[in-house]
Amino acid sequence: HVIERIPNENDGSLVDGDIFTIQISQVDGELQPIGISVFSQIIQYNFGEIIAHTFSDFGRSSIAIFQALGNLFTKPSSWSEVGGIIAIGYETTAVLKSSGFLSFLRIWGLISVNLAIFNLLPFPGLDGWQLLVLIVEGCLGKKIPEKVKNIISLIGIGLLLVLMVGIIFKDLFTYVFAGIRLL
């Protein structure tokens with residue numbers, strides 16, 4: 001395990017432009033973690049650039065989410081990539097460990113946009129369903145009977161709960177039980 005570096009003359013710390021080399025060891029054919037991460041980048045934006053980047057990131061994230069939702073209906077294999085709260089915990093922790101706090105915050109921003117878009121889907125039990133009902137009632141000029149709306153909403157909520165439980169079990173087998181070997 002050899003680490004060589006050309007340190008900063010002032011205090012011995014590494015700064016941008018410093019050169020260092022690392023020899024990584026292997027045990028049983030696997031690389032051993034060394035726990036070193038050096039990255040420094042200073043980016044300065046004015047207020048207008050910040051707003052532009054924010055909307056650009058939001059747009060790209062939204063498009064990616066709509067594409068992923070579309071893939072759920074056009075590519076059945078994409079269901080293997082669906083995850084719930086357990087997957088979110090494992091994956092965001094992995095991002096935090098490997099890529100740092102800024103990437104971690106970006107992932108949580110993407111998750112927030114994802115939840116907002118999902119909530120606007122016109123599926124019974126979600127807010128998008130309420131918007132669809134308002135649009136239909138406005139176009140028809142009369143109210144949909146409350147009993148009909150309630151029955152459809154209960155069926156939708158039931159289907160969402162079944163989906164949620166199924167995803168939780170999938171996450172349990174993927175992340176929690178994957179390391180447990182049966183006798």
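I will try to describe carefully the structure that is included in this document. (Residues numbered from 1 in each chain as written. Predicted model: local features only at pLDDT ≥ 70, side-chain atom pairs only at ≥ 80, totals over all residues. Heavy atoms only, no water.)

With that settled, consider the side chain of Glu 137. Secondary-structure assignment places Glu 137 in helix H4 (residues 127-140). Here Glu 137 falls in the buried class, since its relative accessible area comes to 9%. Once you skip the residues sitting within four places of it in the chain, Glu 137 turns out to touch Lys 142, Lys 143, Ile 144 and Lys 149. (Helix = DSSP H or I, 4+ residues; strand = E, 2+ residues; numbered from the N terminus. Buried < 20%, exposed > 50% of the residue type's maximum accessible area, 1.4 Å probe, protein only. Contact = heavy atoms within 4.5 Å.)

What follows is about the packing of aromatic side chains. The full count for this structure, using the stated rule, is 4 aromatic pairs. Here the aromatic rings of Tyr 90 and Tyr 175 are separated by 5.0 Å at their centres, their planes lie at 25°, and the arrangement is stacked. Pair noted here: Tyr 90 is in helix H2 (residues 85-99) and Tyr 175 is in helix H5 (residues 146-176), with a separation of 85 residues, a long-range link. A residue is classified by how much of its surface remains accessible, and Tyr 90, at 42% relative accessible area, is partly exposed. Overall, the relative accessible area of 24% leaves Tyr 175 in the partly exposed class. Through pairs of rings, three or more aromatic residues link up here, namely Phe 101, Phe 104 and Trp 108. (Phe/Tyr/Trp six-rings, centres within 6.5 Å; stacked < 30°, edge-to-face > 60°.)

This part takes up the packing of H2 against helix H3 (residues 101-119). Remark: H2 packs on H3, axes separated minimally by 7 Å, with the N-to-C direction vectors making an angle of 150°. Judged by the inter-axis angle, H2 sits roughly antiparallel to H3. In the crossing of H2 with H3, the sense of the turn from one axis to the other is right-handed. Across the interface between the two elements, Ile 88, Thr 92, Val 95, Leu 96 and Ser 99 of H2 pack against Phe 101, Ser 103, Phe 104, Ile 107, Trp 108 and Ile 111 of H3. (Axes fitted to C-alpha atoms, helices over the stretch in contact; angles between N-to-C directions. Parallel < 35°, antiparallel > 145°, perpendicular 65-115°, else oblique. Left-handed = near helix turned anticlockwise from the far one by under 90°.)

Core analysis: the largest hydrophobic core is formed by 7 residues, namely Ile 65, Leu 69, Leu 72, Val 82, Val 113, Ile 117 and Ile 167. Contributions of two or more residues to this core are made by helix H1 (47-74) and H3. Take this core: its biggest share by element is 3 residues, from H1. If near-sequence neighbours (up to four positions away) are discounted, Val 113 is found in contact with Phe 58, Ser 62 and Ile 65. (Core = buried A, V, L, I, M, F, W, Y, C linked by side-chain atoms within 4.5 Å.)

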